[in-house]
Amino acid sequence: MNHPVVIVGSGLAGYAVARELRRLDADQPLLLLSADHGGFYSKPMLSNALATGKTPESIINGDAEKMASQLNVSIRTYTRVVAIDKTNRTVILKNNEQLSYGNLVLAIGADQVRLPLQGNGVSKVFTVNDVDDYKHFRDALAGKKKVAIIGAGLIGCEFANDLASAGYHVDVVDIAAQPLGRLIPPAAGAYLKQKLEAVGVVFHFDTSTQSVEQIDNQLCLTLANGKTIRADIVLSSVGLKPRTKMAQEAGLQINRGIVVDQLLQTNDAHIYAVGDCAEVAGKVLPFVMPITHAARALAATLAGNPTPVRYPAMPVLVKTPACSTVVSPPDADKAGVWQVESNDDGVKALFYDDTGCLLGFALLGKAIMDKNDLVAKLPPVLA
Amino acid sequence: MKKYQCNICGFIYDEAVGDPAHGIKAGTSWEDIPESWACPDCGVNKADFEMVEI
Ligand SMILES: Cc1cc2nc3c(=O)[nH]c(=O)nc-3n(C[C@H](O)[C@H](O)[C@H](O)COP(=O)(O)OP(=O)(O)OC[C@H]3O[C@@H](n4cnc5c(N)ncnc54)[C@H](O)[C@@H]3O)c2cc1C
Ligand SMILES: [Zn+2]
């Protein structure tokens with residue numbers, strides 16, 4: 001019998017693989033299993049939905065039923081895979097049901113990191129990593145005024161901008177000295193900070209959150225620097241951790257993510273991983289563009305034409321309307337120096353190695369106009 | 001001239017502006033963009049993710 005390709009996960013990665021595979025092979029049986037509702041939606045839209053006037057419902061482009069018929073795929077929603085039996089090539093569901101696969105694609109995403117905080121308000125801290133989380137968050141926001149955000153990374157800054165522009169009072173706490181500390185140099189961070197402050201965001205840098213206590217109807221954050229912040233709602237966005245547990249228990253190689261090579265193949269020839277859960281040739285890149293490239297290559301491989309994924313330079317747009325920002329951070333293990341030009345209109349920060357090769361950039365404000373020219377000069381992320 | 005928005009990343013394709021960096025001249029109507037074109041910001045295929053007219 002011809003066992004299906006089983007895709008676990010209905011995020012952008014799972015759907016991208018299904019869609020690309022269908023383009024190449026109209027008939028191969030495809031089964032998509034999802035722990036959630038299985039609807040197709042754009043996760044990046046969650047952090048600017050207020051500005052774009054979107055509700056959680058309107059973000060969902062197509063429900064599972066519509067997607068199943070559009071892509072000619074079987075979809076089982078609210079169906080969590082709890083284990084993989086690679087010897088018998090089956091996945092085991094929560095209800096103990098076993099499903100056979102010909103090839104298995106893990107597209108199970110990442111968890112939001114939870115900081116070890118003290119206090120009786122910790123269970124009230126929100127994280128937003130999918131549209132269901134976002135629905136709870138939006139419901140909680142109704143009628144409230146003050147939001148505290150832990151973490152000034154990409155997602156924290158985007159939510160801060162979106163909420164502040166919608167009239168919320170927003171405090172943001174980060175242990176770094178600037179926003180986007182891992183992506184952009186200090187001068188660029190200072191510029192972004194100033195632009196976000198201009199729309200009302202209040203930053204608390206160089207300090208960590210120690211406790212979240214519920215006091216009356218509010219939450220009170222106590223920071224390591226002794227300050228306290230009162231908020232109606234607390235959102236934590238301090239980073240992502242690929243979901244690796246199930247793969248590890250199945251005996252697959254894991255590191256920061258589920259370890260795969262450029263074929264997106266794990267150390268089992270019939271199991272692949274893609275998206276936020278995967279570490280592709282040593283890189284964990286939790287963004288849309290790498291998913292699009294990986295899904296195309298993987299679909300070709302699954303259709304019988306082994307195709308290694310290659311990543312071009314893949315700049316990321318930061319959705320902070322208060323300060324247009326696009327970043328292409330250099331590899332963390334690459335040595336080099338930032339050269340920064342900055343004025344009132346923006347910041348152009350270019351990262352060069354000692355032979356004068358451009359390895360990365362951060363462009364803010366008007367400088368984003370140089371994006372296309374600079375992208376053409378960057379080396380590929382994965383050749 | 002119309003504008004279209006990528007429903008994954010929010011990129012706006014403005015027919016008046018085109019996407020010259022990727023070989024699409026200013027003034028190119030949405031219908032005339034080749035199927036091989038992908039969203040410059042998130043890489044999704046033109047055919048797969050219909051842009052919505054805005
Ligand atoms: C607020 C926010 C804004 C973002 N903005 C941008 C942006 O502007 N640009 C950009 O490039 N990237 C952005 N990202 C990142 C981007 O959205 C992600 O990289 C991408 O959506 C990840 O897709 P995925 O399919 O790998 O994972 P997910 O979307 O997390 O999907 C995982 C799927 O697996 C399912 N699943 C998990 N475990 C199981 C199991 N055991 N059994 C069955 N199903 C399971 C889940 O239910 C889910 O359907 C943003 C992320 C967030 C949170
Ligand atoms: Zn796009």
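Conventions and cut-offs
Position numbers for residues count from 1 along each chain, tracking the sequence in the order it is written. Written order decides the labels, with chains lettered from A and ligands numbered from 1. Per-residue local features of the predicted model are confined to residues with pLDDT of at least 70, and side-chain atom pairs are confined, for both listing and counting, to 80 or more; whole-chain, interface and lining totals are unaffected and use all residues. Computation of side-chain values covers all heavy atoms of the structure but excludes hydrogens and water. UniProt positions are given in the numbering used here, feature names are shortened, and annotations may be inferred rather than shown by experiment. Distances decide who is a donor: an N, O or S atom must be within 2.8 Å of the metal, or within 3.2 Å for Na, K and Ca. Water is not included, so sites may look incomplete. Donor angles set the geometry label: tetrahedral for four donors if every angle is between 85 and 135 degrees, square planar for four and octahedral for six if opposite donors exceed 155 degrees and the others are between 65 and 115, irregular for anything else. For every residue, the accessible area obtained with a 1.4 Å probe (protein chains only) is divided by the maximum for its type, and the residue is called buried under 20%, exposed over 50%, and partly exposed between those limits. Secondary structure is summarised from DSSP: a helix means a run of H or I of at least four residues, a strand means a run of E of at least two, and numbering begins at the N terminus for each. Residue contacts are counted whenever heavy atoms from the two residues lie within 4.5 Å of one another. What counts as an axis is a line fitted to C-alpha atoms, over the stretch in contact for a helix, and the angles between N-to-C directions run from 0 to 180 degrees. To sort the angles, those under 35 degrees are grouped as roughly parallel, those over 145 as roughly antiparallel, those from 65 to 115 as roughly perpendicular, and the leftovers as oblique. When the near helix sits turned anticlockwise from the far one by under a right angle, the crossing is termed left-handed; a clockwise turn instead gives a right-handed crossing. Under the convention adopted here, Pro, Cys and the residues Ala, Val, Leu, Ile, Met, Phe, Trp and Tyr are nonpolar, Asp, Glu, Lys and Arg are charged, and Gly plus all remaining residues are polar. Think of a salt bridge as a Lys or Arg side-chain nitrogen and an Asp or Glu carboxyl oxygen that are within 4 Å of each other. Pairs of N or O atoms are called polar contacts if they sit within 3.5 Å, as long as, within protein, a hydrogen donor faces a hydrogen acceptor (for residues adjacent in sequence, only side-chain-to-side-chain pairs). Put simply, the grid is 1 Å and covers the protein atoms alone, a cavity is a trapped set of points that fit a 1.4 Å probe, a pocket is an open set with protein on both sides within 12 Å along at least five of seven lines, and lining residues have an atom within 4 Å of a point. Grid points are joined across faces, edges and corners, and a volume is the space filled by probe spheres set on the points.

Per an unreviewed UniProt entry, chain B is named Rubredoxin, and its organism is Nitrosomonas aestuarii. We quote the UniProt Function (unreviewed entry) comment for chain B here in full: "Involved in the hydrocarbon hydroxylating system, which transfers electrons from NADH to rubredoxin reductase and then through rubredoxin to alkane 1 monooxygenase."

Chemist: Explain the coordination of the zinc ion (ligand 2) to me, please; I cannot follow it from the model alone.
Modeler: Residue and element names in this part refer to chain B. Surrounding the zinc ion (ligand 2) are the protein donor atoms Cys6 (SG), Cys9 (SG), Cys39 (SG) and Cys42 (SG), at 2.3 to 2.4 Å. The coordination sphere of the zinc ion (ligand 2) comprises four donor atoms, whose angles at the metal cover 105 to 116°; the geometry is tetrahedral. In the primary structure, the donors to the zinc ion (ligand 2) are separated according to the pattern C-x2-C-x29-C-x2-C. When its relative accessible area of 1% is taken as the criterion, Cys6 is described as buried. According to the relative accessible area criterion, Cys9 is partly exposed, its value standing at 21%.

Chemist: Explanation requested: the environment of Lys227 of chain A in the structure shown.
Modeler: Residues and elements named next belong to chain A. As for its position among the elements, Lys227 is in the loop between strand 15 (218–223) and strand 16 (228–231). Classification of Lys227 as partly exposed rests on a relative accessible area of 42%. The spacing of Lys227 and Thr209 is 18 residues in sequence and 9.6 Å in space, taken between C-alpha atoms. When near neighbours in sequence (up to four residues on either side) are disregarded, Lys227 contacts His204, Leu221 and Thr222.

Chemist: Explain the packing of helix 1 (residues 12–24) of chain A against helix 8 (residues 288–302) of chain A to me, please; I cannot follow it from the model alone.
Modeler: Between two packed helices, the angle of one axis relative to the other and the distance separating the axes together describe the packing. Residue and element names in this part refer to chain A. Two elements in contact, helix 1 and helix 8, have axes separated by 8 Å at closest approach and are oriented at 40°. When the axes of helix 1 and helix 8 are compared, the pair comes out oblique. Of the two possible hands of crossing, helix 1 and helix 8 adopt the one that is right-handed. Here Leu12, Ala13, Ala16, Val17, Glu20, Leu21 and Leu24 of helix 1 come into contact with helix 8, specifically with Val288, Ile291, Ala295, Arg296, Leu298, Ala299, Ala300 and Leu302. For the contact of helix 1 with helix 8, the class distribution of residues is 13 nonpolar, no polar and two charged.

Chemist: Any chance you could explain the interface of chain A and chain B here in plain terms?
Modeler: Interface size, as often reported, equals the accessible area lost upon joining of the parts. Tallying the contact residues gives 17 residues for chain A and 16 residues for chain B. Counting the contacts that link chain A with chain B gives one salt bridge. With its nearest N and O atoms 2.8 Å apart, the salt bridge here joins Asp41 of chain B to Lys371 of chain A. Inspection of the region where chain A meets chain B yields six residue pairs in polar contact (both at pLDDT 80 or more). When contributions to the side of chain A that touches chain B are tallied by element, the ones reaching two or more residues are helix 1, helix 8 and helix 9 (371–375) of chain A. Counted by class, the side of chain A that touches chain B contains seven nonpolar, four polar and six charged residues.

Chemist: Quick question: what am I supposed to make of the pattern of salt bridges here?
Modeler: Pairs may arise between side chains of opposite charge once their charged atoms sit close together. Residue and element names in this part refer to chain A. Considering all chains together, one arrives at 16 salt bridges over all chains under this definition. Residue Glu20 is joined to Arg296 by a salt bridge in which the shortest nitrogen-to-oxygen separation is 3.7 Å. Here the residue Glu20 occupies a position in helix 1, and Arg296 occupies one in helix 8, the gap between them amounting to 276 residues. Shared partners join several salt bridges into a network, and the residues in it are Glu20, Arg23 and Arg296.

Chemist: How should empty space enclosed by the protein be read in this particular structure?
Modeler: All names here are of chain A. Evaluated as defined, the whole model comprises two cavities of 30 Å³ or more. Roughly 70 Å³ of volume is contained in the second largest cavity. Forming the boundary of the second largest cavity are Val274, Gly275, Asp276, Ala278, Val280, Lys283, Leu285, Pro290, Ile291, Ala294 and Tyr311. When residues of the lining of the second largest cavity are traced back to their parent elements, those giving at least two are strand 21 (278–280) and helix 8. At three residues, the largest contribution of residues to the lining of the second largest cavity is made by helix 8.

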